[in-house]
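Residue-level structure breakdown
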Amino acid sequence: MAFAGQAPTIIVLKEGTDASQGKGQIISNINACVAVQSTIKSTLGPYGGDLLLVDGNGKQTITNDGATVMKLLDIVHPAARILTDIARSQDAEVGDGTTSVVVLAGEILKEVRELVEQGVSAQTIIKGLRRGSAMAVNKVKEIAVDMIEAAGSEEKKVETLRRLAATAMNSKLIKRNSDFFTKMVVDAVLSLDQDDLNEKLIGVKRVTGGGLQDSLFVDGVAFKKTFSYAGFEQQPKYFKDPKIVCLNVELELKSEKDNAEVRVEQVSEYQAIVDAEWQIIYNKLEAIYKTGAKVVLSKLPIGDLATQYFADRDIFCAGRVASDDMDRVCQATGAATQSTCSDIQERHLGTCGIFEERQIGGERYNLFSECPAAKTCTLVLRGGAEQFIAEVERSLHDAIMIVKRALRNTTIVAGGGATEMELSSYMHGFADRNVPHKQQAVVKAFAKALEVIPRQLCDNAGFDATDILNRLRVEHRKGNVWAGVDFDNEGVRDNMVAFVWEPSLVKVNAIQAAVEAACLILSVDETIKNEESAQPQAPGRGLPPGAAQRALGGGRGRGMPRRGR
């Protein structure tokens, strides 16, 4: 409708709101994701570099773990944040392959960018990618080998698990010590309850100092010595087959509150009140002593009176034990945490082969080992620098998750780019034969994107990527399914024979997550950003000292009243 010769302007959104849409918006989102991919892809594989990340507080983190890098990168672009989510989901679901999933998602978007620029509908591309993803996942399941079931004996099964853990560690700082740590990781996972496999019951303690080889595997629980009172030094620090009692009780002398009012007629009545307070704690200590327990642990404080009482009777005690450590002690020793001292029975007590307090580095540690019904264990990690030990812990977490998943999903595939090259070769052939319409270009773009994994592995190792990829294509055309990159001799080899093994779940999850992320980013063709809501709400500068009190109507005192003029 004309209005005075001009069409009226209809304002729907607030002034200052940024709305961008269409093909340009999709390409902008793709470029943001490719920029994130280029940051992280240099960390892929056994020869990938590490990133040094410094946060706003100056805390340094040295890592090449994809999920950790994505979490610490402060990404502000809304579409690129999706890549952080898929890295996190890969870490939670599988534990390894976090860098691969981000690199793959970024490469898929890079390959389909040309199609978007040519005007192909985003929905056509999404359908093609979903079809390609389903084909790739089915192919992985088809070629995967069930090594763990085929292993037969327990020794061969453990050997297979160690090789899977070694592959996960190959791209980490600890690859030089992988023989030492693979044994530790597999023993740790096999010590858990095999029906539950709760990796949180594997405690990890970090002690600065010493070398990596000084790290310990404790088939039970180890935790740092807690705060203790006078009398602690007189307690014995070593027991064989002790009974252990776990409490959630405060063993402190409780006096009456300061503001309580008690009316007494005579001094003896006051003395009776004081005696009653002492009697309460002595009754608790007597009850614990009568159980025959030699080690007393409590989540709450154990005071100086109780500490001296136990020392006189050759009993070890520790108060303020962390909740997760207490839970693991109960799992290892078979004890049950008690909230009262009045009715502790034999069945509530736990036991272990050896209890001792030991010096590890500069710290004292309480160790419960040789536990008969242990469903938990502790890894005590040593190393020179705090950042280095933190990276070792992240590396071991990845390996532990891989071994845990391998016990559940027993099929494996070869790593080193072999699986991706086989999928790429299969999908190129399938697209030429069976996909006649526009989706053929999308499936072939997806097939080409899969080659980024072996190409990046070669680039990071300093190899000639073009030459090795051509040789890999020839090998896979001949039917060598497991032909992958040979990092030892800069060439091509059968990675299944070379024991570069990964659970097939890693590949399946990575492909599905990468394609889902790519489809999600392609389906967004409009972004509406409210600039006002993005502004910080608080004032930019801090208030001067005392301003808050003055605003409330006074400083420290009430001040002098003003005199009338």
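Look up a bit, the structure's there.
Residues numbered from 1 in each chain as written. Predicted model: local features only at pLDDT ≥ 70, side-chain atom pairs only at ≥ 80, totals over all residues. Heavy atoms only, no water.

**Focus on the nonpolar core**
Keep this limit in mind: Think of a nonpolar core as a cluster: buried Ala, Val, Leu, Ile, Met, Phe, Trp, Tyr and Cys residues, connected wherever their side-chain atoms sit within 4.5 Å. Buried means the residue's accessible area, taken with a 1.4 Å probe over protein chains only, is under 20% of the maximum for its type, while exposed means over 50%, and partly exposed covers the values in between. Only runs of H or I of at least four residues qualify as helices and only runs of E of at least two qualify as strands under DSSP, and these elements are numbered from the N terminus. Delimitation of the domains relies on an automatic or database domain assignment. Between two residues, a contact is recorded if the distance between any of their heavy atoms is within 4.5 Å.
In terms of nonpolar packing, the biggest core is built from 114 residues, with Ile108, Leu129, Phe181, Leu396, Phe446, Ile511 and Leu522 touching the most fellow members. A total of 13 residues in this core trace back to one element, the largest contributor, which is helix H17 (residues 504-523). Two domains each put at least three residues into this core: domain 1 (17-147 + 414-523) and domain 2 (154-219 + 380-409). Once residues lying within four places of it in the same chain are set aside, the contact partners of Phe181 are Met169, Ile174, Leu212, Ser215, Leu381, Val392 and Leu396.

**Quick notes on the side chain of Asp65**
Filter applied, for reference: Here a polar contact means two N or O atoms within 3.5 Å. Within protein one must be a hydrogen donor candidate and the other an acceptor candidate, and residues neighboring in sequence count only if both atoms are side-chain atoms.
Residue position: Asp65 is located in the loop between strand E3 (60-63) and helix H2 (66-72). In terms of polar contacts, Asp65 uses its side chain to reach the side chain of Thr68, at 2.6 Å. In this view, Asp65 contacts Thr98, Thr99, Lys172, Glu391, Arg394 and Asp398; residues no more than four positions away in its chain are not counted.

**Digging into the sheet that holds strand E15 (residues 377-383)**
So the rule is basically this: What makes two strands pair is DSSP finding at least two bridges between them. Only the stretch in contact is used when fitting a helix axis, every axis being a line fitted to C-alpha atoms; angles between N-to-C directions are given from 0 to 180 degrees.
Strand order in the open sheet made by the three strands is E5-E15-E6, with mixed pairing throughout. Of all the strands in the sheet, the pair left with one neighbour each is strand E5 (202-208) and strand E6 (216-218). Within the sheet, the average angular offset between the axes of one strand and its neighbour, ignoring direction, is 20 degrees. Pairing analysis gives three bridges linking E6 to E15, with the strands arranged antiparallel. Across the sheet, the residue bridging to Phe217 is Leu379, located in E15.

**As for the sheet that holds strand E19 (residues 501-503)**
Taken in spatial order, the three strands of this open sheet run E4-E16-E19, and their pairing is antiparallel. Lying at the two open borders of the sheet, with one neighbouring strand each, are strand E4 (145-146) and E19. Sheet contacts for H17: strand E16 (411-414) and E19; angle to E19, the most-contacted strand, approximately 60 degrees.

**Describing helix H13 (residues 418-434)**
Here is the rule: How far a helix is expected to stretch is found by multiplying one less than its residue total by 1.5 Å.
Here H13 is 17 residues long and its end C-alpha atoms lie 24 Å apart, about the 24 Å a rise of 1.5 Å per residue gives. What H13 keeps buried is the set Ala418, Thr419, Glu420, Met421, Glu422, Leu423, Ser424, Met427, Gly429, Phe430 and Ala431.

**Quick word on unusual backbone geometry**
Unusually for a residue other than glycine, Asp241 sits at a positive phi of about 50 degrees. Secondary-structure assignment places Asp241 in the loop between strand E8 (238-240) and strand E9 (243-247). Within the chain, Asp314 stands out as a residue other than glycine whose phi angle is a positive 55 degrees. Topologically, Asp314 is positioned in the loop between helix H10 (304-312) and strand E11 (316-318).

**Things to note about empty space enclosed by the protein**
Gaps between atoms show up when a probe of the same size as a water molecule is rolled over them. Stated formally: With a 1 Å grid spanning the protein atoms alone, the term cavity applies to any set of points in which a 1.4 Å probe fits but cannot get out, the term pocket to an open set with protein on both sides within 12 Å along at least five of seven lines, and the term lining residue to any residue with an atom within 4 Å of a point. Grid points are joined across faces, edges and corners, and a volume is the space filled by probe spheres set on the points. Asp, Glu, Lys and Arg are counted as charged, while Ala, Val, Leu, Ile, Met, Phe, Trp, Tyr, Cys and Pro are counted as nonpolar; the rest, among them Gly, fall into the polar class.
One pass over the full model with this rule turns up two cavities of 30 Å³ or more. In this model, the largest cavity occupies a volume close to 70 Å³. Element by element, the count of residues in the lining of the largest cavity is highest for H17, at four residues. Here the residues of the lining of the largest cavity are counted per class, giving five nonpolar, two polar and three charged. Looking at the second largest cavity, its volume works out to about 60 Å³. Lining the second largest cavity we find Thr226, Phe227, Ser228, Tyr229, Phe232, Ile302, Thr307, Cys317, Ala318 and Gly319. Of the residues contributing to the lining of the second largest cavity, the split by class is six nonpolar, four polar and no charged.

**A look at the pattern of salt bridges**
Definition in use: By definition here, a salt bridge exists when the distance from a side-chain nitrogen of Lys or Arg to a carboxyl oxygen of Asp or Glu is within 4 Å.
Within the structure shown, the criterion is met by 25 salt bridges. Residue Glu386 pairs with Arg206 through a salt bridge whose shortest N-O separation is 3.7 Å. Here Arg206 lies in strand E5 and Glu386 lies in helix H12 (residues 386-408), a separation of 180 residues in the sequence. Judged by relative accessible area, which is 39%, Arg206 ranks as partly exposed. The residue Asp467 makes a salt bridge to Arg471 at a minimum N-O spacing of 3.5 Å. Taken together, the positions of Asp467 and Arg471, both in helix H16 (residues 465-478) and four residues apart, correspond to about one turn of that helix. Overall, the relative accessible area of 36% leaves Asp467 in the partly exposed class. You can call Arg471 partly exposed: its relative accessible area is 36%.

**Thoughts on the packing of aromatic side chains**
Test applied: Stacked, edge-to-face and tilted labels apply to pairs of Phe, Tyr and Trp rings (six-membered ring for Trp) whose centres lie within 6.5 Å, assigned for plane angles under 30 degrees, over 60, and everything in between, in that order. Placement of a positive charge over a ring is assigned whenever Lys NZ or Arg CZ falls within 6 Å of the ring centre and within 35 degrees of the normal to the ring plane.
Applying the stated criterion across every chain yields a total of 14 aromatic pairs. One aromatic cluster in this structure is built from Phe223, Phe232, Phe239, Phe316, Phe355 and Phe368. Note that Arg313 overlies the ring of Tyr309, its terminal NZ or CZ placed 3.6 Å from the centroid.

**A look at the pairing of strand E2 (residues 51-54)**
Side chains Leu51 and Leu53 of E2 all project onto a buried face; the interleaved residues Leu52 and Val54 project onto a face where none is buried. Sheet topology places E2 next to E3; four bridges connect them, and they run antiparallel. If you follow Leu53 over to E3, its bridge partner there is Thr61. Between the antiparallel neighbours E2 and E3 lie five residues, among them Gly58 with a positive phi of about 85 degrees.

**Examining a nonpolar patch on the surface**
Short version of the rule: Residues with no salt bridge and a relative accessible area higher than 30% make up the patches, which join like charges within 9 Å and nonpolar side chains (Val, Leu, Ile, Met, Phe, Trp, Tyr) within 5 Å. Computed with a 1.4 Å probe, the accessible areas rest on the Shrake-Rupley method; for each residue, only the protein chains presented here act as cover.
Among the surface-exposed residues, Leu52, Val54 and Ile62 lie close enough to one another that they form a single nonpolar patch of about 270 Å² accessible area. Tracing the backbone shows Val54 in strand E2. For Val54, a relative accessible area of 53% corresponds to the exposed category.

**Observations concerning the layout of surface pockets**
In this structure, the largest pocket occupies an estimated 770 Å³ of space. The wall of the largest pocket is formed by 37 residues, among which Pro46, Thr167, Asn170, Ser171 and Val500 lie closest to the centre. Top contributing element to the lining of the largest pocket by residue count: helix H7 (residues 154-169), with five residues. For the lining of the largest pocket, the class distribution of residues is 11 nonpolar, 15 polar and 11 charged. Residues from two domains meet in the lining of the largest pocket; each of domain 1 (17-147 + 414-523) and domain 2 (154-219 + 380-409) gives at least three. The volume enclosed by the second largest pocket comes to roughly 600 Å³. Lining the second largest pocket are 25 residues; nearest its centre among them are Glu199, Val204, Glu393, Arg394 and His397.

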